[in-house]
Amino acid sequence: MTTGAASWRAGDLEAIRSSLGIPVSAASIGAINRAMAELERNYPAGVSAAVGSLQRIAAIDKQLASTPVAAEPVVIKTSRKGAAGPVPAELPKRKLDVIEFATELLIEEVATEYALPENTGPNLAAQRRQQVERLMLVLPGLRVWQPQAPRRFQGVIERS
């Protein structure tokens, strides 16, 4: 399959299939093979662009695999209000004593502020989507083989 300046490498078919999320089947492999041959025959310069996109997608996938999934939030600030001291052993029992006793001192409020650490995952995912779109520009026939994003839930409320 070598005509022109660039040619496909041995693992490019599998790289295309996995980067586009195309399921493994004889028909999908045949479609990828035909798209690769058509690109090499009709637009040989497009092969080097596709190979470059595949390399960038592989590098991004490697970075995504090494990125921690979810880091624990970091405590920024903790504040406490109320319960300045220990609660007395014997609390008032009569209604008049309760009114005189400052019950708000028994209530303790704790407020904690958290911050999520910086995560490069969304930025890398956007870069990966951009590279997949670039790959789809030179291999447009494979778009029909990509799995569609799940539709948002739609339902009808039924009353019984």
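Residues numbered from 1 in each chain as written. Predicted model: local features only at pLDDT ≥ 70, side-chain atom pairs only at ≥ 80, totals over all residues. Heavy atoms only, no water.

Trainee: Summarise the layout of surface pockets; cite the residues concerned and give the values.
Mentor: Looking at the largest pocket, its volume works out to about 200 Å³. Per-class residue counts for the lining of the largest pocket are nine nonpolar, two polar and one charged. (1 Å grid on protein atoms, 1.4 Å probe; cavity = no way out; pocket = protein on both sides within 12 Å on 5 of 7 lines; lining within 4 Å. Points joined across faces, edges and corners; volume = space filled by probe spheres on them. Nonpolar A, V, L, I, M, F, W, Y, C, P; charged D, E, K, R; others polar.)

Trainee: Give a description of helix H3 (residues 44–66) that names residues and reports values.
Mentor: For H3, built from 23 residues, the straight-helix expectation of 33 Å at 1.5 Å per residue is met to within 8% by its first-to-last C-alpha distance of 34 Å. Those residues of H3 that sit buried are Gly46, Val47, Ala50, Val51, Gly52, Ser53, Leu54, Ile57 and Ile60. (Helix = DSSP H or I, 4+ residues; strand = E, 2+ residues; numbered from the N terminus. Expected span 1.5 Å × (residues − 1). Buried < 20%, exposed > 50% of the residue type's maximum accessible area, 1.4 Å probe, protein only.)

Trainee: Quick rundown of the side chain of Ser19? Include the residues and the values.
Mentor: For Ser19, the location among the structural elements is in helix H1 (residues 12–20). Contacts of Ser19, omitting those with residues within four sequence positions, involve Leu54, Ile57, Arg128, Val132 and Leu135. (Contact = heavy atoms within 4.5 Å.)

Trainee: Describe the side chain of Asp12, listing the residues and the values that go with them.
Mentor: Position of Asp12 relative to the elements: it lies in helix H1. Under the relative-accessibility criterion, Asp12 is labelled buried at 1%. For Asp12, the residues in contact, after removing those within four places along its chain, are Met36, Val51 and Leu54.

Trainee: I'd like a description of the packing of H1 against H3, backed by residues and values.
Mentor: The relative placement of two packed helices comes down to the angle between their axes together with the axis-to-axis distance. Their axes nearest at 10 Å, the elements H1 and H3 cross at an angle of 60°. Overall, the two elements H1 and H3 adopt an arrangement that is oblique. Considering the relative orientation of H1 and H3, their crossing is left-handed. Seen from H1, the contacting residues are Asp12, Ala15, Ile16 and Ser19; seen from H3, they are Val51, Leu54 and Ile57. Counted by class, the contact of H1 with H3 contains five nonpolar, one polar and one charged residues. (Axes fitted to C-alpha atoms, helices over the stretch in contact; angles between N-to-C directions. Parallel < 35°, antiparallel > 145°, perpendicular 65-115°, else oblique. Left-handed = near helix turned anticlockwise from the far one by under 90°.)

Trainee: Tell me about the environment of Ala125, and name the residues and values.
Mentor: Residue placement: Ala125 occurs in helix H5 (residues 121–138). Counting along the chain gives 64 residues from Ala125 to Asp61, while the straight-line C-alpha distance between them is 8.8 Å.

Trainee: Lay out helix H2 (residues 26–42) in plain terms, naming residues and giving numbers.
Mentor: Every α-helical turn comprises 3.6 residues, leaving residues that sit three or four positions apart pointing alike. The end-to-end C-alpha distance of H2, which contains 17 residues, comes to 24 Å, matching closely the 24 Å that a straight helix rising 1.5 Å per residue would cover. Regarding H2, the residues found buried are Ser28, Ala31, Ile32, Ala35, Met36, Leu39 and Glu40. The buried residues of H2 occupy one face: seen down the axis, they fall within an arc of 165°. Projecting away from the buried face of H2 at angles above 90 degrees are the exposed residues Ala26, Arg34, Arg41 and Asn42. (Arc of directions from axis to C-beta.)

Honestly, that's just the spatial picture; any functional story needs more than this.
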